[in-house]
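In case you want the letters, here they are:
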Amino acid sequence: MKRKQKKIWAYLDGKKLVEVIQVALDNNMTVAECKDLLIRENPGCEITFKIE
């Protein structure tokens, strides 16, 4: 059986923004670092992360 791959999506004020794991891989960083960077670079916005 094949495993279904899960993705972590970042939502900026309720709108789908980026796939966090892919951004982290492209920029040679960890997922935690990528999440922190997204939060730091978007002050005043509501950022949520969902696993799909």
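All values reported here derive from a predicted model rather than from experimental measurement.

Draft legend 1. Expanded view of unusual backbone geometry. You will see that D13, though not glycine, has its phi angle at about 50°, which is positive. Its place among the elements puts D13 in the loop between strand 1 (8-12) and strand 2 (15-19). The backbone of N28 shows a phi angle near 55°, a positive value even though the residue is not glycine. Considering the arrangement of structural elements, one finds N28 in the loop between helix 1 (20-26) and helix 2 (31-41). Note on N28: relative accessible area 73%, which makes it exposed.

Cut-off values and rules
Sequence positions are assigned chain by chain, starting from 1 and proceeding in written order. Under the rules for a predicted model, residues below a pLDDT of 70 receive no local features and side-chain atom pairs below 80 are neither given nor counted, while totals for whole chains, interfaces and linings still include all residues. Excluding hydrogens and water, the side-chain figures rest on all heavy atoms present in the structure. The helix and strand labels rest on DSSP assignments: H or I over at least four residues marks a helix, E over at least two residues marks a strand, and numbering proceeds from the N terminus. Here's how the labels work: a residue is buried when its accessible area is under 20% of the maximum for its type, exposed when over 50%, partly exposed in between, all with a 1.4 Å probe on protein chains only.

Distances and angles like these do not, on their own, reveal function.
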